[in-house]
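Structural characterization, general
Letter by letter, the chains look like this.
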Amino acid sequence: MANKNTTVSIEKLLDPNNFDFSTVQIIDEEGNVVNENLLPDLSDEQLVKLMEDMVWSRILHERSTALNRQGRLGFYAPTAGQEASQLGSINALEREDYIMPGYRDVPQLIKHGLPLHKAFLWSRGHVAGSTFDQDLNAYPPQIIIGAQYIQAMGVGFGLKRDGKNAVVATWTGDGGSSQGDFYEGINFAGSYKVPAIFFIQNNGWAISTPRSLQTAAPTLAQKAVAAGIPGIVVDGMDILAVYAVTKAAREYALAGNGPVLIETLCYRFGPHTLSGDDPTRYQPEGVQDEWQAKDPLIRFRKYLENKGLWSKEKEDEVIERTQEEIKEAVKLADQEPKQKVSDFLKNMFETPDVFLQEQIAKYEAKENK
């Protein structure tokens, strides 16, 4: 993560004609402030909440992995290592904002208001996991790579048309930035000055495909140039940098200037998903160790400890509270009625055609025996 930008102003970062794509960083690996200019104005309570959220996410990841291995959870995409990118960005948004998560962005969805047990139901493929309350401004996690960029563009267009004081945010990985939907989304959003924030969480690998084979572009953020929108590279292991840039991007978009593309440089400590991927088969030896030293929790922990705001006792409290929260959420998810084939058929269309009606009746007769 060379060429760190420690003097740039927010105004320059948000200039569509800024072609300096060096990495924005606020605190280094030792927790030292290296960019006072961009340090966000956060209270001690807000700083502590950022750390609590990252610890919560790490424990959620660990417990979700264990539940998956036990057969008590379905599809799961690991998030360890991406906490600063995910929790830094969602904390810079407001509840009235809309979010379009990808399948790895469940932590943001929960922090935006989705009950944890519903997230577990989504992982199990239960329809109740995608049934959201009306006041939750979010879509269920997108499985199709990059498709959330098109959705975000559409939602943002609606927000602008209706004059709402809100933005839409979406996340994809570096692999998602190679999809056609990615280009179509940022291009249309740029043309119509849609209030959107597009994130690329660049962890270096699209499953087994290294970043170097996906594009010849030196950075992914500079793909914003073709759409005429600002592109910013951020140290994705630095939660303060992610928060500060996201906050500024939100204000920029709300002011009617259009969307912003943010590339967060991070690393996922583990496989792409728990469905058979093994990163040790294709990643060079030592890569994990190199990135472990940049762990976002270690970095921010040092920063807070230096300010007297964090301790092992406080972290243990968060861990215990999170584990209890997860235990209760699993119980709630287990209480959800099992799905029936007739339910799947009923959910296909708002008004079933005659053929579906026949199938529904057939399966209901079997299920009611």
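Everything discussed here concerns the structure shown above.
Residues numbered from 1 in each chain as written. Predicted model: local features only at pLDDT ≥ 70, side-chain atom pairs only at ≥ 80, totals over all residues. Heavy atoms only, no water.

Structural notes on the overall build of the protein
- In terms of regular secondary structure, the protein is built from 13 helices and 9 strands.
- Here the protein has a C-alpha radius of gyration of 21 Å; the compact-globule value for 369 residues is 21 Å, and the two agree.
- Structurally, the protein occupies a C-alpha span of about 70 × 50 × 40 Å along its principal axes.
- When each of the 369 residues of the protein is scored for burial, the buried share is 54%.
- When contacts within the protein are restricted to residue pairs at least 6 apart in sequence, long-range pairs at least 24 apart make up 74% of them.
- Accessible surface for the protein amounts to roughly 16600 Å². Of this, 50% is attributable to carbon and sulfur atoms.
- Of the side chains in the protein, 38 bear a positive and 51 a negative charge, and the two mean positions are spaced by 5 Å. (Helix = DSSP H or I, 4+ residues; strand = E, 2+ residues; numbered from the N terminus. Rg over C-alpha atoms; globule rule 2.2 N^0.38 Å. Buried < 20%, exposed > 50% of the residue type's maximum accessible area, 1.4 Å probe, protein only. Contact = heavy atoms within 4.5 Å. Areas by Shrake-Rupley, 256 points an atom, 1.4 Å probe, with all protein chains shown as cover. Lys, Arg positive; Asp, Glu negative; His and termini not counted. Charge placed at Lys NZ, Arg CZ, Asp CG, Glu CD.)

Some thoughts on the packing of aromatic side chains
- One pass over the full model with this rule turns up 13 aromatic pairs.
- These aromatic residues form a ring-pair network of at least three members: Tyr 149, Phe 182, Tyr 183 and Phe 198.
- Sitting over the face of the ring of Trp 56, Lys 111 holds its NZ or CZ atom 4.2 Å from the ring centroid.
- Above the ring of Trp 291, the side-chain terminus of Lys 294 is found at 4.6 Å from the ring centroid. (Phe/Tyr/Trp six-rings, centres within 6.5 Å; stacked < 30°, edge-to-face > 60°. Lys NZ or Arg CZ within 6 Å of the ring centre and 35° of its normal.)

Here's the deal with the pattern of salt bridges
- Under the criterion given, the structure shown has 17 salt bridges.
- Note that Asp 295 is salt-bridged to Arg 58, the shortest N-O span being 3.1 Å. Of this pair, Asp 295 sits in the loop between helix H9 (287-292) and helix H10 (296-306) while Arg 58 sits in helix H2 (residues 44-69), and the two are 237 residues apart along the sequence.
- Among the charged side chains, a salt-bridge network with shared partners connects Glu 29, Asp 235 and Arg 299. (Salt bridge = Lys/Arg side-chain N within 4 Å of Asp/Glu carboxyl O.)

Quick look at the environment of Ile 360
- With respect to the element layout, Ile 360 can be found in helix H13 (residues 354-367).
- With a relative accessible area of 8%, Ile 360 lands in the buried category.
- Here the alpha-carbon distance between Ile 360 and Glu 36, two residues 324 residues apart in the chain, equals 63 Å.
- Ignoring sequence-local partners within four residues, the contact set of Ile 360 consists of Ser 342, Leu 345, Lys 346 and Pro 352.

Quick notes on the nonpolar core
- Counting 71 residues, the largest nonpolar core has Phe 120, Leu 240 and Phe 300 as its most contacted members.
- At 11 residues, helix H8 (residues 239-257) tops the list of elements feeding residues into this core.
- In contact with Phe 300, other than residues within four places in its own chain, are Ile 27, Leu 47, Leu 50, Met 51, Met 54, Ile 239 and Leu 240. (Core = buried A, V, L, I, M, F, W, Y, C linked by side-chain atoms within 4.5 Å.)

Details of a nonpolar patch on the surface
- There is a patch of nonpolar side chains on the surface, built from Phe 157, Phe 188 and Tyr 192 and spanning about 260 Å² of accessible area.
- Turning to its location among the elements, Tyr 192 is positioned in the loop between helix H7 (180-191) and strand E5 (196-202).
- For Tyr 192, a relative accessible area of 42% translates into the label partly exposed. (Patch = residues over 30% accessible without salt bridge, like charges linked within 9 Å, V, L, I, M, F, W, Y side chains within 5 Å.)

A look at H10
- Regarding H10, the residues found buried are Pro 296, Leu 297, Arg 299, Phe 300, Tyr 303 and Leu 304. Along the axis of H10, the buried positions cluster into a sector of 165 degrees, meaning they face one direction only.
- Contacts from the buried residues of H10 go to H2, helix H3 (83-91), strand E8 (231-235) and H8.
- The residue sitting at the N-terminus of H10 and contributing the capping side-chain oxygen is Asp 295; that oxygen lies 2.8 Å from the backbone nitrogen of Leu 297. (Arc of directions from axis to C-beta. Polar contact = N/O pair within 3.5 Å; in protein donor to acceptor, adjacent residues only side chain to side chain.)

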